[in-house]
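The lines below spell out each chain.
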Amino acid sequence: MQNKKYLQLAIGVASLIIGIIFLVRAHDMAHAFGEQVQQAFTGAPSNRATYFQIAGVALTIFGVVYIILPLRSKS
């Protein structure tokens, strides 16, 4: 049972870290010069930045939930 808790914690922390990295990367992409020029002409951010934001939010939420919620024991 302890191994499952450590595995859950490791997966949650890894997901949280990767999610934060994706969010930072999306923020950097959104503020890059080329991105701002494209957004000035099209009025919308690039798909790549949007995909990184969506993945970052999803992984961050998954990581937090996976860390906070305990595993349900099968008794």
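This structure is a prediction, so every number in the text was calculated from the model and none was measured. (Residues numbered from 1 in each chain as written. Predicted model: local features only at pLDDT ≥ 70, side-chain atom pairs only at ≥ 80, totals over all residues. Heavy atoms only, no water.)

1. Observations regarding the side chain of serine 15
The condition that has to hold: The helix and strand labels rest on DSSP assignments: H or I over at least four residues marks a helix, E over at least two residues marks a strand, and numbering proceeds from the N terminus. Should any heavy atoms of two residues lie within 4.5 Å, those residues are considered in contact.
Its place among the elements puts serine 15 in helix 1 (residues 2-30). Those residues within four positions of serine 15 in sequence are excluded, and the remaining contacts are Leu59, Thr60, Phe62 and Gly63.

2. Side note on the packing of aromatic side chains
Defined as follows: Here the aromatic set is Phe, Tyr and Trp, taking the six-membered ring for Trp, and pairing holds for ring centres within 6.5 Å; pairs whose planes are under 30 degrees apart are stacked, those over 60 apart are edge-to-face, and all others are tilted. Using a 1.4 Å probe on the protein chains alone, a residue whose accessible area is under 20% of its type maximum counts as buried, one over 50% counts as exposed, and one in between counts as partly exposed.
Across all of its chains, the model carries two aromatic pairs by this definition. A ring pair is formed by phenylalanine 22 and phenylalanine 52, whose centres lie 5.2 Å apart and whose planes are at 65°; its orientation type is edge-to-face. Linking phenylalanine 22 in helix 1 with phenylalanine 52 in helix 3 (residues 47-68), this pair joins segments that are 30 residues apart in sequence. Phenylalanine 22 gets classed as partly exposed once you look at its relative accessible area, which sits at 27%. Using a relative accessible area of 21% as the deciding quantity, one classes phenylalanine 52 as partly exposed. Judged by centre distance (5.0 Å) and plane angle (20°), the rings of phenylalanine 62 and tyrosine 66 are stacked. A residue pair is termed a helical-turn pair when its members lie 3 or 4 positions apart in one helix, as phenylalanine 62 and tyrosine 66 do in helix 3 at four residues. Overall, the relative accessible area of 38% leaves phenylalanine 62 in the partly exposed class.

3. So, the side chain of glutamine 8
So the rule is basically this: Any pair of nitrogen or oxygen atoms within 3.5 Å is treated as a polar contact; in protein, a donor-acceptor pairing is required on top of that, and neighbouring residues in sequence qualify only through side-chain atoms on both sides.
In this fold, glutamine 8 is placed in helix 1. A polar side-chain atom of glutamine 8 sits 2.5 Å from the main-chain carbonyl oxygen of leucine 69.

4. Considering the environment of valine 65
Summarising the element assignment, valine 65 is placed in helix 3. Remark: the alpha-carbon pair of valine 65 and glycine 12, spanning 53 residues in sequence, is separated by 7.6 Å.

5. Quick notes on the confidence of the model for the protein
Heads up, the condition is: Per-residue confidence from the prediction method is given by pLDDT, with values spanning 0 to 100.
Residues at a pLDDT of 70 or more form 89% of the protein, whose mean pLDDT is 84. Model confidence for the protein, summarised as mean pLDDT per element, is weakest for helix 2 (residues 33-42) at 77 and strongest for helix 3 at 92.

6. A closer look at a nonpolar patch on the surface
Our working rule: Patch definition: residues above 30% relative accessible area lacking any salt bridge, with like charges linked at up to 9 Å and the nonpolar side chains Val, Leu, Ile, Met, Phe, Trp and Tyr linked at up to 5 Å. All accessible-area figures derive from a Shrake-Rupley calculation using a 1.4 Å probe, and residue coverage is judged against the displayed protein chains alone. Note on definitions: salt bridges are taken to be side-chain nitrogens of Lys or Arg within 4 Å of carboxyl oxygens of Asp or Glu.
A cluster of nonpolar side chains, Leu9, Val13, Ile17, Ile21, Leu23, Val57, Ile61, Val64, Val65, Ile67, Ile68 and Leu69, forms an exposed patch at the surface whose accessible area comes to about 980 Å². Counting only elements with at least two residues in the nonpolar patch, the list comes to helix 1 and helix 3. The dominant element in the nonpolar patch, judged by the number of residues it contributes, is helix 3, at six residues. Within the secondary structure, valine 64 is located in helix 3. Exposure remark for valine 64: the relative accessible area of 34% places this residue in the partly exposed category.

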